[in-house]
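Examining the three-dimensional arrangement
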Amino acid sequence: VQENMAEDIDPESAICIYRIVQEALNNIYKHAQASTCRVVLQGLPRSVSVLIEDNGKGFPSELWDSDGLTSGVGLKGIRERVNSLEGTFRLETNLGQGTRLWIELPIQEGDSKARVSTVSVQVPPETISLEKVQ
């Protein structure tokens, strides 16, 4: 789902968001054993929020230590990208309950134009379906 996203978001943030979503979907495909996932992009007055969630197997929360570090290279890379743009990173997961990744990145003032879209992705890849609503 895409809500209130500016068409002219700064290139560094746009690339960061693209790479985060790409890595998260790759993690879901490789590890989660999920049948569905959802990606929500939301333009806020001074930031962009990205939520990526799946209905997969999740992982034990104790693998995510108090500093927010994990053994997963993909999640570390996502966190580093978010930190490089002074954003916020939050991960919610439990064994058997799927995973929810939420990030928020600051954006330049004046970047807000309303647009709403929905994207549904079915995993495995042979069952991918995309639905866009304008």
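A brief look at the structure comes next. These figures come from a predicted structure and were not determined experimentally. (Residues numbered from 1 in each chain as written. Predicted model: local features only at pLDDT ≥ 70, side-chain atom pairs only at ≥ 80, totals over all residues. Heavy atoms only, no water.)

Below, the discussion takes up the overall build of the protein. Counting its secondary structure elements, the protein contains two helices and seven strands. When its helices and strands are written in sequence order, the protein yields β-α-β-β-α-β-β-β-β. Relative to its full complement of 134 residues, the protein shows a buried share of 41%. Relative to all contacts within the protein whose residues are 6 or more apart in sequence, the contacts with residues 24 or more apart total 60%. Here the protein has roughly 8100 Å² of accessible surface; of this, 49% comes from carbon and sulfur atoms. (Helix = DSSP H or I, 4+ residues; strand = E, 2+ residues; numbered from the N terminus. Buried < 20%, exposed > 50% of the residue type's maximum accessible area, 1.4 Å probe, protein only. Contact = heavy atoms within 4.5 Å. Areas by Shrake-Rupley, 256 points an atom, 1.4 Å probe, with all protein chains shown as cover.)

Next up on the list: the packing of aromatic side chains. Aromatic ring pairs are described here by two measures, namely the spacing of the ring centres and the angle between the planes. This structure, assessed with the given rule, holds zero aromatic pairs. Between Arg-90 and the ring centre of Trp-102, over which it is positioned, the NZ or CZ distance is 4.6 Å. (Phe/Tyr/Trp six-rings, centres within 6.5 Å; stacked < 30°, edge-to-face > 60°. Lys NZ or Arg CZ within 6 Å of the ring centre and 35° of its normal.)

This part takes up the pattern of salt bridges. Side chains that differ in sign of charge can pair as their charged atoms come close. Under the definition given, this model contains three salt bridges. Note that Arg-90 is salt-bridged to Glu-92, the shortest N-O span being 3.4 Å. Since its relative accessible area comes to 42%, Arg-90 is described here as partly exposed. Overlapping salt bridges bring together Arg-38, Glu-53 and Arg-100 as one network. (Salt bridge = Lys/Arg side-chain N within 4 Å of Asp/Glu carboxyl O.)

So, on to helix α2 (residues 73-84). Between the first and last C-alpha of α2 there are 16 Å, a value that for 12 residues agrees with the 16 Å anticipated at 1.5 Å per step. When α2 is considered as a whole, its buried residues turn out to be Gly-74, Leu-75, Ile-78 and Val-82. All buried residues of α2 project into a common sector of 100° when viewed along the axis, lining one side. In α2, the exposed positions angled more than 90 degrees off the buried face are occupied by Val-73, Glu-80 and Ser-84. On the buried face of α2, the contacting elements are α1 (11-32), β4 (88-93) and β5 (99-106). At the C-terminal side of α2, Glu-86 shows a positive phi close to 60°. (Expected span 1.5 Å × (residues − 1). Arc of directions from axis to C-beta.)

Mapping Arg-100 onto the fold places it in strand β5. When the C-alpha positions of Arg-100 and Arg-38 are compared, they lie 9.4 Å apart, and in sequence the two are 62 residues distant. Contact partners of Arg-100, with chain neighbours within four places excluded, come to Leu-51, Ile-52, Glu-53, Arg-90, Leu-91 and Glu-92. Within polar-contact distance, the side chain of Arg-100 engages the side chain of Glu-53 at 2.7 Å. (Polar contact = N/O pair within 3.5 Å; in protein donor to acceptor, adjacent residues only side chain to side chain.)

Don't take any of this as a statement about function, it's just geometry.
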